[in-house]
Amino acid sequence: MSDVVPSELRHYIMSQVHSSSTKPELKLRRALWRLGFRYRINDRQLPGSPDIVLPKHRTVIFVHGCFWHGHKGCKHYTIPKTNVDFWTAKIARNQERDQEVWRSLEAKGWYVVIVWECELKKNLFEDTICRVEKEILANSESYRRQIEDRRHLREQRRIELREQKERQSALMAEIKESHKV
């Protein structure tokens, strides 16, 4: 079955599909700003250029479109009836790429939060914002604990090295003293 829209119009429609600063992203960013969270957007230094980066909380947020990222069980995710093989492969590849990016970010010590476009609709918006806020704060607490644990381990190591040096110095002094006699 051929496309019901002329190719020029189809080109225009597809050119209006943006990858950053989408309406759902803007809606989430405004809500986070009102809650007092400060962030960066689309940080290209991180894998996948996350939509929202909260460095203080070591958290990144991706706002996924239900169709483009294959949100299972969502009414907004349906494979088009035409060119099914293409769309199935395209969405599967998007999902694979998402997984690669998440693993890469987590390996670098970042916490990843996913917000689906359908979760930002009016009836679910408040619940979604509460969930995201809780996740950010939990991630922040976990990150602070990790930093404190590392600081504690470094301090223990410094004490051990200092004690080892003192023992070596005492041993060297004892050896020098024994050679003098």
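To keep things clear, this report deals only with the structure shown in the data block. Predicted, not measured: the structure shown is a model, and the values here were computed from it.

### Some words on the overall build of the protein
Piece 1. What the protein contains, in helices and strands, is four helices and four strands.
Piece 2. Secondary structure elements of the protein occur, N-terminal to C-terminal, as α-α-β-β-β-α-β-α.
Piece 3. Relative to the compact-globule value of 16 Å for 181 residues, the protein shows a C-alpha radius of gyration of 26 Å, a clear excess of over 25%.
Piece 4. Reported as C-alpha extents along the three principal axes, the dimensions of the protein are approximately 105 × 35 × 25 Å.
Piece 5. Considering only contacts within the protein whose residues lie at least 6 apart along the sequence, 54% involve residues at least 24 apart.
Piece 6. As displayed, the protein has an accessible area near 12,900 Å², and 54% of this comes from carbon and sulfur atoms.
Piece 7. Here the protein holds 35 positive side-chain charges and 25 negative ones, and the gap between their average locations is 4 Å.

### Digging into a nonpolar patch on the surface
Piece 1. On the surface, Leu9, Tyr12, Ile13, Met14 and Val17 cluster together into a nonpolar patch covering about 430 Å² of accessible area.
Piece 2. As for its placement among the helices and strands, Val17 is situated in the loop between helix H1 (7-15) and helix H2 (23-34).
Piece 3. Residue classification places Val17 among the partly exposed positions, given a relative accessible area of 42%.

### Focus on the environment of Cys74
Piece 1. Position of Cys74 among the secondary structure elements: in the loop between strand E3 (59-64) and helix H3 (84-107).
Piece 2. Taking the C-alpha atoms as reference, Cys74 lies 9.7 Å from Trp116; in sequence the two are 42 residues apart.
Piece 3. If sequence neighbours within four positions are ignored, Cys74 has contacts with Cys66 and Cys118.

### A look at the packing of H2 against helix H4 (residues 122-180)
Piece 1. Contact geometry of H2 with H4 gives a least axis separation of 11 Å together with a crossing angle of 55 degrees. Considered as vectors, H2 and H4 are oriented oblique to each other. For the element pair H2 and H4, the recorded crossing hand is right-handed. Facing Lys27, Leu28, Ala31 and Leu32 of H2, the residues of H4 in contact are Lys122, Phe125, Ile129, Val132 and Ile136.
Piece 2. Split into classes, the residues belonging to the contact of H2 with H4 amount to seven nonpolar, no polar and two charged.

### Things to note about the environment of Gly70
Piece 1. Mapped onto the elements of the fold, Gly70 is located in the loop between E3 and H3.
Piece 2. Since its relative accessible area comes to 4%, Gly70 is described here as buried.
Piece 3. The spatial distance from the C-alpha of Gly70 to the C-alpha of Ser169 is 66 Å, given a sequence separation of 99 residues.
Piece 4. Residue contacts for Gly70: discarding those within four places in its chain leaves Gly65, Tyr77, Ile91, Gln95 and Trp116.

### So, the sheet that holds strand E4 (residues 111-116)
Adjacent strands of a sheet pair through backbone hydrogen bonds, lying either parallel or antiparallel.
Piece 1. Across the sheet, which stays open at both edges, the four strands sit in the order E1-E2-E3-E4 with mixed pairing between neighbours. Of all strands in the sheet, those bounded by a partner on one side alone are strand E1 (40-41) and E4.
Piece 2. When E1 meets strand E2 (residues 52-54), the two strands line up antiparallel, connected through two bridges. Across the sheet, residue Arg40 finds its bridge partner in E2, namely Val53.
Piece 3. Sheet strands touched by H3: E3 and E4. Its angle to E3, the strand with the most contacts, is close to 170 degrees.
Piece 4. In the packing of H4 onto the sheet, contacts are made with E2, E3 and E4, and the angle to E4 comes to roughly 175 degrees.

The rules behind each value
- Residues numbered from 1 in each chain as written.
- Predicted model: local features only at pLDDT ≥ 70, side-chain atom pairs only at ≥ 80, totals over all residues.
- Heavy atoms only, no water.
- Helix = DSSP H or I, 4+ residues; strand = E, 2+ residues; numbered from the N terminus.
- Rg over C-alpha atoms; globule rule 2.2 N^0.38 Å.
- Contact = heavy atoms within 4.5 Å.
- Areas by Shrake-Rupley, 256 points an atom, 1.4 Å probe, with all protein chains shown as cover.
- Lys, Arg positive; Asp, Glu negative; His and termini not counted.
- Charge placed at Lys NZ, Arg CZ, Asp CG, Glu CD.
- Patch = residues over 30% accessible without salt bridge, like charges linked within 9 Å, V, L, I, M, F, W, Y side chains within 5 Å.
- Salt bridge = Lys/Arg side-chain N within 4 Å of Asp/Glu carboxyl O.
- Buried < 20%, exposed > 50% of the residue type's maximum accessible area, 1.4 Å probe, protein only.
- Axes fitted to C-alpha atoms, helices over the stretch in contact; angles between N-to-C directions.
- Parallel < 35°, antiparallel > 145°, perpendicular 65-115°, else oblique.
- Left-handed = near helix turned anticlockwise from the far one by under 90°.
- Nonpolar A, V, L, I, M, F, W, Y, C, P; charged D, E, K, R; others polar.
- Pairing = 2+ DSSP bridges.

The values reported here are purely geometric and, on their own, carry no functional implication.
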